[in-house]
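Commentary on secondary and tertiary structure
Chain by chain, the residues:
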Amino acid sequence: MNALQRRLPAAVRPHATFIGVMPYLTLLVGILVLVLLPVFSSYEVTSFNVYDILQNFGVLGLVTLALGLTMIAGEFDLSVASMYSLGGMIAVKTGAAEPAVGFLVALSVGAFVGLVQGGVVSKLRINSMPVTLGGFLTLLGISHVISNSKSVAFSNYDIGATLDAPIAEIFSWRSIIALGVFALAAFAMSFTRLGRDVRAVGGDRRAARTAGVPVDRILIGVFVVAGVVAALPGVLIDYSLSAATPDIGGVDALIFAATAALLGGVGLSGGIGSPVGIAAGILSLSILQELLVILASPDYVSDLITGGLLLFVTMTVAPELGQWWRTVGLGGGFRRPIPVAEPAAGPAPGD
Amino acid sequence: MAQAPAPAPPAAGGLALVIERTLGSRAALATRERLSWLLVNALPIVAFAAIVVVGWLTTDGFATWANVKAILAAVAFVGIIAIGTTVIMLSGNLFSLSLGVTAAVTAIFFMYALAWGLFAAIVLTVGLGLLIVALQGAMVGAWGANPIIVTIGAGGLQTGVALWVTGGESILPRGSSDAYQALARPLGGVPVGIYFFFGVAVAVELMLRRTRFGREIYLLGENRAAARAAALSVTRITTAAFALAGLCTGLAGVLIGAASANGSLLLEGQYTYDAIAAALVGGNAVTGGRGSVSRTVVGAILIATISDLLLLRGYSTGIQLLVKGLIVFVVVVLMNLERGRSR
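Below is a short write-up of the structure. (Residues numbered from 1 in each chain as written. Chains lettered and ligands numbered in written order. Predicted model: local features only at pLDDT ≥ 70, side-chain atom pairs only at ≥ 80, totals over all residues. Heavy atoms only, no water.)

Here we look at the overall build of chain B
The condition is simple: Secondary structure elements are taken from DSSP: a helix is a run of H or I of four residues or more, a strand is a run of E of two residues or more, and numbering for both begins at the N terminus. Three labels apply to residues, based on accessible area from a 1.4 Å probe with only protein chains included: buried if under 20% of the type maximum, exposed if over 50%, partly exposed otherwise in between. Here, residues are in contact when the closest pair of their heavy atoms is within 4.5 Å. The protein chains shown are the only cover counted for residues, whose accessible areas, like all others here, come from Shrake-Rupley with a 1.4 Å probe.
When helices and strands are tallied, chain B shows 13 helices and 2 strands. Expressed as a percentage of its 343 residues, the buried residues of chain B come to 55%. Within chain B, counting contacts between residues at least 6 apart in sequence, those at least 24 apart form 76% of the total. Roughly 13,900 Å² of accessible area belongs to chain B as shown, and the carbon and sulfur atoms make up 68% of that amount.

Here's the deal with the environment of A:V21
Along the chain, A:V21 falls in helix α2 (residues 13–40). Sequence separation of A:V21 and A:G264 is 243 residues, and the distance between their C-alpha atoms is 9.2 Å.

What about the side chain of A:H144?
Within the secondary structure layout, A:H144 lies in helix α7 (residues 128–147). Beyond its immediate stretch of four places on either side in the chain, A:H144 contacts A:S149, A:P246, A:D247, B:T317, B:G318 and B:L321.

Comments concerning the packing of aromatic side chains
Residue and element names in this part refer to chain A. What counts here: Stacked, edge-to-face and tilted labels apply to pairs of Phe, Tyr and Trp rings (six-membered ring for Trp) whose centres lie within 6.5 Å, assigned for plane angles under 30 degrees, over 60, and everything in between, in that order.
One pass over the full model with this rule turns up 8 aromatic pairs over all chains. Between F154 and Y239, the ring centres sit 4.7 Å apart and the planes meet at 10°, which makes this aromatic pair stacked. Here the residue F154 occupies a position in the loop between β1 (152–153) and α8 (157–164), and Y239 occupies one in helix α12 (residues 215–241), the gap between them amounting to 85 residues. We classify Y239 as buried; its relative accessible area is 3%.

A word on the packing of helix α5 (residues 118–143) of chain B against helix α6 (residues 147–166) of chain B
All names here are of chain B. Where we set the bar: To get an axis, a line is fitted to the C-alpha atoms, and for a helix only the part in contact is used. The angle between two axes follows their N-to-C directions and goes from 0 to 180 degrees. A clockwise turn of the near helix away from the far one marks a right-handed crossing, whereas an anticlockwise turn of less than a right angle marks a left-handed crossing. Each residue gets one label: Ala, Val, Leu, Ile, Met, Phe, Trp, Tyr, Cys and Pro are nonpolar, Asp, Glu, Lys and Arg are charged, and the others, such as Gly, are polar.
Interhelical geometry of α5 versus α6 gives an angle of 145° and a closest axis separation of 10 Å. The element α5 and its partner α6 pack so that their crossing is right-handed. The residues of α6 that touch α5, namely those facing I132, Q136, M139 and V140, are P147, V150, T151, A154 and Q158. Looking at the contact of α5 with α6 residue by residue, the classes come out as 6 nonpolar, 3 polar and no charged.

Examining α7(A)
All names here are of chain A. We count it as follows: Take the number of residues in a helix, subtract one, and multiply by 1.5 Å to get its expected span. Any pair of N or O atoms that falls within 3.5 Å is considered a polar contact. Within protein, one atom must be able to donate a hydrogen and the other to accept it, and sequence-neighbouring residues count only if both atoms are side-chain atoms.
With 20 residues, α7 should reach 28 Å at 1.5 Å per residue; the first-to-last C-alpha distance of 28 Å fits that figure. Judged by how many residues are buried, α7 sits mostly within the fold: 17 of 20 residues are covered. The backbone nitrogen of M129 has a side-chain oxygen 2.9 Å away, supplied by the residue at the start of α7, namely N127. N148, located one to two residues past α7, shows a positive phi value of around 60°.

A short note on the interface of chain B and chain A
Our working definition: A quick way to say it: buried area is the sum, across both parts, of accessible area lost when two parts are put together, with a 1.4 Å probe. The term salt bridge refers to a side-chain nitrogen of Lys or Arg lying within 4 Å of a carboxyl oxygen of Asp or Glu.
Contacts between chain B and chain A engage 42 residues on the former and 41 residues on the latter. Summed over both partners, the interface of chain B with chain A buries about 3,600 Å², with 80% contributed by carbon and sulfur atoms. Inspection of the region where chain B meets chain A yields 2 salt bridges. With a closest N to O distance of 4.0 Å, A:E320 and B:R224 form a salt bridge. The tally of links from chain B across to chain A stands at 4 residue pairs in polar contact (both at pLDDT 80 or more). Secondary structure elements with two or more residues in the side of chain B that touches chain A: α5, α6, α9 (224–229), α11 (271–281) and α13 (317–340) of chain B.

Quick notes on a nonpolar patch on the surface
Test applied: Here a patch means residues that are over 30% exposed by relative accessible area and free of salt bridges, tied together within 9 Å if like-charged and within 5 Å if nonpolar (Val, Leu, Ile, Met, Phe, Trp, Tyr).
Taken together, A:L28, A:I31, A:L32, A:V35, A:L36, A:V39 and A:F40 make up a surface patch of nonpolar side chains, about 700 Å² in accessible area. For A:V39, the location among the structural elements is in helix α2.

Points about the nonpolar core
Note the threshold: Here, nonpolar core refers to any group of buried Ala, Val, Leu, Ile, Met, Phe, Trp, Tyr and Cys residues whose side-chain atoms link them within 4.5 Å.
Within the largest apolar cluster, 189 residues are counted, with the highest numbers of intra-cluster contacts made by A:L78, A:L133, B:F95, B:L97, B:F110 and B:F197. The element best represented in this core is α12(A), accounting for 14 residues.

Side note on the pattern of salt bridges
Residue and element names in this part refer to chain A. Evaluation of the coordinates by the stated rule reveals 11 salt bridges over all chains. With a shortest N-O distance of 3.2 Å, D164 and R174 are connected by a salt bridge. One end of the pair, D164, is in helix α8; the other, R174, is in helix α9 (residues 173–191), and 10 residues separate them in sequence. On the basis of relative accessible area, R174 is assigned to the buried category, the value being 6%. Each of K123, R209 and D216 takes part in salt bridges that share partners, so that together they form one network.

Considerations on the packing of helix α4 (residues 99–113) of chain B against α5(B)
All names here are of chain B. Rules: Angles below 35 degrees are treated as roughly parallel, those above 145 as roughly antiparallel, those between 65 and 115 as roughly perpendicular, and all remaining angles as oblique.
Running from N to C, α4 and α5 point in directions that differ by 150°, and their axes come no closer than 9 Å. The orientation of α4 relative to α5 falls into the category roughly antiparallel. In terms of crossing hand, the pair formed by α4 and α5 is right-handed. Note on element contacts: α5 touches α4 through L118, A121, I122, L124, T125, L128, G129, I132 and V133, opposite L99, T102, V105, T106, F109, F110 and A113. For the contact of α4 with α5, a count of residues per class yields 12 nonpolar, 4 polar and no charged.

So, unusual backbone geometry
Of note in this structure, A:A296 is not a glycine but carries a positive phi near 55°. Topologically, A:A296 is positioned in the loop between α14 (275–294) and α15 (299–317). Judged by its relative accessible area of 62%, A:A296 is exposed. Notably, B:A261 is not glycine yet its phi reads approximately 55°, a positive angle. Of note, B:A261 is situated in the loop between α10 (234–260) and α11.

Structural measurements only, silent on function.
Next up, the structure:
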């Protein structure tokens, strides 16, 4: 029984179970399709496809992690999608002589942006969506301004080659860095007090405050981490490509990140989700996109599928779906059991 | 925090915190009320005046009739979509992040639909806009789905469908008649769109103030739980509010399509963000329940003038996004400071 189930009445538990296993189920289906595709058709799946999926994980995966962490804390940071492009742009502009400098400057800017937005959201208790929409547009604007809306070349090709060189056929430094960040996040969220505090702040902010959780500090911290984790993939991809463009971020990255995070079982009401689930969500979505590449589908198919998928997962995690389902009389598994069948008194088993 | 002895003032300015500390609570109260009144009602107008003066003094070609007409045309497009955004905002569903896409998609459809005659094309296009956005509203209302995410997803879906149908090409008007150009010509010296804009503004404002449906939107936005307790159907009101936004966006699509005499996804421009910025800068509460169309009208004029001034001064996409982003950020923070202390 997962955290979401414990908080919900018995009638909607099947729904919660579904949300809990959804990330792993979709990942399993994705892997099965990937494995079975060559068996039942003439399309070939090679280790390069797996490498490609992990490369994508190393970029948009981190953007998703950044968004997902703010969602677990009960907020929604739209600005990660443009921090991603700004991070890369800053690194390319400042790291020409020494890539490490660019890397550090970009991550510091990410932290600063997180500090400002997190400070405003936590201290003034404003809904984070309008605040971060402002951030989203501002950061996108800044990356257009400093690049003059053009592609900016990065003269250090070595670092890109190093980041992208295949390791054990399917990995690269880029994907290993991303996996490391995920491992770190997963550890912090599962085994430290910090992780529990973040979940508490997302699940029930008032209760968390009463219980002595430093809510404001946790919120600011989450936004700072999100800013840094969102700037990192920008640096990685732009070093890889030896160029930065302001167009890599924006709404498309946002659609990917939101879809992957929701597929990964992150709840929109806060407190629900884990980095491992988010990773499963991203891998599922990356596998799906790789399949579209393998099948050589036209571009619009990807738009249709991601947009449709986002609507679908938003629907499945919508808080009042179960209720609506019962009202329209299509109850099925979601219908409240007949009272006789319920235990007469005491907590339900497993509570 | 100093408490008012009498019932709390309707609004309290966070800016006045310092004044309150120095002057004591009673004097501060009056100042605070005045400050927050200024903040909400006069600030957009003062800002507009400042921009006009700055533009006049520093920018060639700003204070010309041709430019005023260009601004008015932009006001019509941004403003009509912003009225839609306002209705969504008032109903407590924040805003849509894909009305610009819908405007472009309906403009594309308008080009196709012109084959059936101008009147049918307008009706069908507005109907399409209404349908697209109402469906999103139904998801939000019936299932409590998050409006921002639903509208982002729906935007992706619309982009996909539009690319599929058009093959990524720009669509020229179908049909032999070019009667649609009447929608792009000036009428009485100003762009036709501006009449539609004020027409829609008056109609929606009257509807919000005078009809039951309008009051229901305010109630839902102010207090969702109370609306539910009053046995109002959240699903119906939310769907209707989004439908109204879709109707506005479809109409904007018609005007934008007619003005550019072609339909493509590029027409999206920054309408989504401009509309949100206009609704916010006019002084509508982003969390719903407070605001009016007349505020949005002021906001739309302000945003269109700022965009125009930036464009005249040669600032492209980047600065435009940057300025609008900062406007959204600052206005959301200011409005919250103003409201926050009255609670």
